[in-house]
Amino acid sequence: MRFAVLQFGGSNCDKDALHVLRDVCGVDTDLIWYREGLKRDYDGIVIPGGFSYGDYLRAGAIATRTPVMADVVRHSEKGGLVLGICNGAQISAESGLVPGVFTINEYPKFICRDVFLKVGNTDSPFTSAYSEGEVISLPIAHKEGRYVASPEDIEALERENRVAFRFCDENGEVTPESNPNGTTGNITGVLGKGGNVLAMMPHPERASEDVLGSSDGKKIFDSMISYIESL
Amino acid sequence: MIFDVKITISLKSGMLDPEACAIQHALSNLGFETEYLNNSKLFSVGISADDSESAKAKAEEMCDRLLANPVIHSYSVEVTE
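Peer 1: Sorry, what's going on with the overall build of chain A here?
Peer 2: Helix and strand content of chain A: six helices and eleven strands. Compactness check: chain A gives a C-alpha radius of gyration of 16 Å against a globular reference of 17 Å for 231 residues, within 12% of the reference. For chain A, the C-alpha atoms occupy an extent of roughly 45 × 35 × 35 Å along the three principal directions. Taken across its 231 residues, chain A has 55% of its residues classed as buried.

Peer 1: Whenever I open this one, the overall build of chain B confuses me. Can you help?
Peer 2: Assigned secondary structure in chain B consists of two helices and three strands. For chain B, the sequential pattern of α-helices and β-strands runs β-α-β-α-β. The C-alpha radius of gyration of chain B comes to 16 Å, more than 25% above the 12 Å expected for a compact globule of 81 residues. In terms of principal-axis extent, the alpha carbons of chain B reach across some 50 × 25 × 15 Å. Of the contacts made within chain B by residues no fewer than 6 positions apart, 69% connect residues no fewer than 24 positions apart.

Peer 1: Even after reading the chapter, I still don't get the interface of chain A and chain B, so can you show me in this structure?
Peer 2: Often the size quoted for an interface is simply the accessible area lost on bringing the parts together. Listed by partner, the interface residues are 15 residues for chain A and eight residues for chain B. Here the residues of the side of chain A that touches chain B sort into seven nonpolar, four polar and four charged.

Peer 1: Explain helix 3 (residues 67–77) of chain A here, please?
Peer 2: Along an α-helix, a turn takes 3.6 residues, which lines up residues three or four apart on a common side. All names here are of chain A. Here helix 3 has its buried residues at V68, M69, D71, V72, H75 and S76. For helix 3, the angular spread of the buried residues around the axis is 150°, confining them to a single face. Those residues of helix 3 that are exposed and angled more than 90 degrees off the buried face are P67, R74 and E77. Close packing links the buried residues of helix 3 with strand 1 (2–7), strand 2 (28–33), strand 3 (44–47), helix 2 (61–64), strand 4 (81–85) and strand 11 (197–200). The first or second residue beyond helix 3 is G79, which carries a positive phi of 95°.

Peer 1: Just checking my understanding: could you explain helix 2 (residues 52–67) of chain B for this structure?
Peer 2: Relative to the 22 Å expected for 16 residues at 1.5 Å per residue, helix 2 of chain B spans just 20 Å between its end C-alpha atoms, considerably shorter than the ideal helical length. If you follow the buried residues of helix 2 of chain B, they end up packed against strand 1 (2–11), strand 2 (41–48) and strand 3 (73–80) of chain B.

Peer 1: Before we go on, may I ask you to explain the pairing of strand 1 of chain A in this structure?
Peer 2: Note on strand geometry: in a regular strand, side chains alternate between the two faces of the sheet. Residues and elements named next belong to chain A. Most of strand 1 sits inside the fold, with five of its six residues counted as buried. Of the crossover connections in this fold, the one passing from strand 1 over helix 1 (residues 14–24) to the parallel strand 2 is right-handed. As paired strands, strand 1 and strand 3 are joined by three bridges and run parallel to one another. Within the sheet, the bridge partner assigned to F3 lies in strand 3 and is G44.

Peer 1: Explanation requested: the pairing of strand 9 (residues 163–168) of chain A in the structure shown.
Peer 2: All names here are of chain A. With six of six residues buried, strand 9 lies mostly within the body of the structure. Bridging between strand 6 (residues 111–119) and strand 9 involves four bridges; their strand directions are antiparallel. Across the sheet, residue K118 finds its bridge partner in strand 9, namely R166. Pairing of strand 9 with strand 10 (residues 187–191) involves three bridges; the strand directions are antiparallel. Residue R166 lies in a different strand from strand 10, and its bridge partner there is I187.

Peer 1: What should I look at first to understand the environment of A:A61 in this one?
Peer 2: Along the polypeptide, A:A61 turns up in helix 2. In this structure the C-alpha to C-alpha distance between A:A61 and A:I91, which are 30 residues apart in sequence, comes to 6.7 Å. The residues touching A:A61, leaving out its near neighbours within four places in the chain, are A:E94 and B:L66.

Peer 1: What's the story with the nonpolar core in this structure? I'm lost.
Peer 2: When a protein is soluble and globular, its nonpolar side chains tend to lie buried together. If you look at the biggest cluster of nonpolar residues, it comprises 67 residues, and the most contacted ones within it are A:V5, A:L83, A:L117, A:V190 and A:A199. Sort the elements by how many residues they give to this core and strand 9 of chain A lands first, with five residues. Those residues within four positions of A:V190 in sequence are excluded, and the remaining contacts are A:V98, A:G100, A:Y147, A:L157, A:R162, A:V163, A:A164 and A:A199. In terms of nonpolar packing, the next biggest core, distinct from the first, is built from nine residues, B:F3, B:V5, B:A59 and B:C63 among them.

Peer 1: What's the story with the sheet that holds strand 3 of chain B in this structure? I'm lost.
Peer 2: Sheets are built from strands paired through backbone hydrogen bonds, the pairs being either parallel or antiparallel. Residues and elements named next belong to chain B. In spatial order, the strands read 2-1-3; together these three strands make up an open sheet with antiparallel pairing. The two strands at the open ends of the sheet, each matched to only one other strand, are strand 2 and strand 3. Strand-to-strand twist in this sheet, taken as the mean axis angle between neighbours without regard to direction, amounts to 25°. Both strand 1 and strand 2 contribute to a ladder of eight bridges, which runs antiparallel. Each bridged residue has a counterpart across the sheet, and for F3 the counterpart in strand 2 is I47.

Peer 1: What should I look at first to understand the environment of A:S52 in this one?
Peer 2: Here A:S52 is to be found in the loop between strand 3 and helix 2. Each residue touching A:S52, except ones within four places of it in the same chain, is listed here: A:F8, A:G9, A:G10, A:S11, A:G60, A:I62, A:A63, A:N87 and A:I91.

Criteria and thresholds
- Residues numbered from 1 in each chain as written.
- Chains lettered and ligands numbered in written order.
- Predicted model: local features only at pLDDT ≥ 70, side-chain atom pairs only at ≥ 80, totals over all residues.
- Helix = DSSP H or I, 4+ residues; strand = E, 2+ residues; numbered from the N terminus.
- Rg over C-alpha atoms; globule rule 2.2 N^0.38 Å.
- Buried ≥ 20, exposed ≤ 12 C-beta atoms within 10 Å, placed from the backbone.
- Contact = placed C-beta atoms within 7 Å.
- Nonpolar A, V, L, I, M, F, W, Y, C, P; charged D, E, K, R; others polar.
- Arc of directions from axis to C-beta.
- Expected span 1.5 Å × (residues − 1).
- Right-handed = clockwise from strand over helix to strand, strands pointing away.
- Pairing = 2+ DSSP bridges.
- Core = buried A, V, L, I, M, F, W, Y, C linked by C-beta atoms within 7 Å.
- Axes fitted to C-alpha atoms, helices over the stretch in contact; angles between N-to-C directions.

Structure (structure tokens):
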């Protein structure tokens, strides 16, 4: 089993993701500078957080048009796992790996704090280690995390159970008050059509060790590893 | 021939524009009351083409493939010589 973590100019959570995969989960993982492209097959690819290309034009717009992302799209079309975190989620949406777009927060400022999330789907390769309706705590750190999609796409996400995470309060109630950025339906984690891509704004790699205050995020990586082992 | 192409990227009508709301609020603080305020992005691009129609077609392809996100944006293209 081998994972890849992509690295664009302006990525800044790449080494956090690498650390969690290599040192916490014990999985062979390569850090891939975008110009290198994917030179071999991988079981899982992580598109990390950061500010690729300074968020010029739109968050994730420039990184999406690099050749390595064409490699990632091909990987996903073969059923390979792709986890897009924060800027990686914005890139995943810009690339069409998931529908919609993550755009500027309703109140247009950068938000950096812990939030509660309700797990909406425990059948996916990314969430199988969670229990149905589980409430977890992960940090968010973004200015452009408000999920917007067409009514048809939102309806399809709901119908096909492709909302992985929603903002909620500590009791698991999905309320307007627990929605920090004005995102549609409190949605902050979306699965792609085949279920093998997860785009999420919260940072599981920053909450995968108890010493950091929460290891709730590690179950995402554990789920991916279990899924790959089951193939 | 080089054509000067003005590409305007705007949010589709009905899309929330938090930056425009903040700018409108700041104008209000200065005593300027506005009925509405829209925030667009303008690109001025020099495009080599045989005629203005093909310059426009190239600009529209740039919008479709990079400059605009069709989920939230609309665009307009104006070509001058």
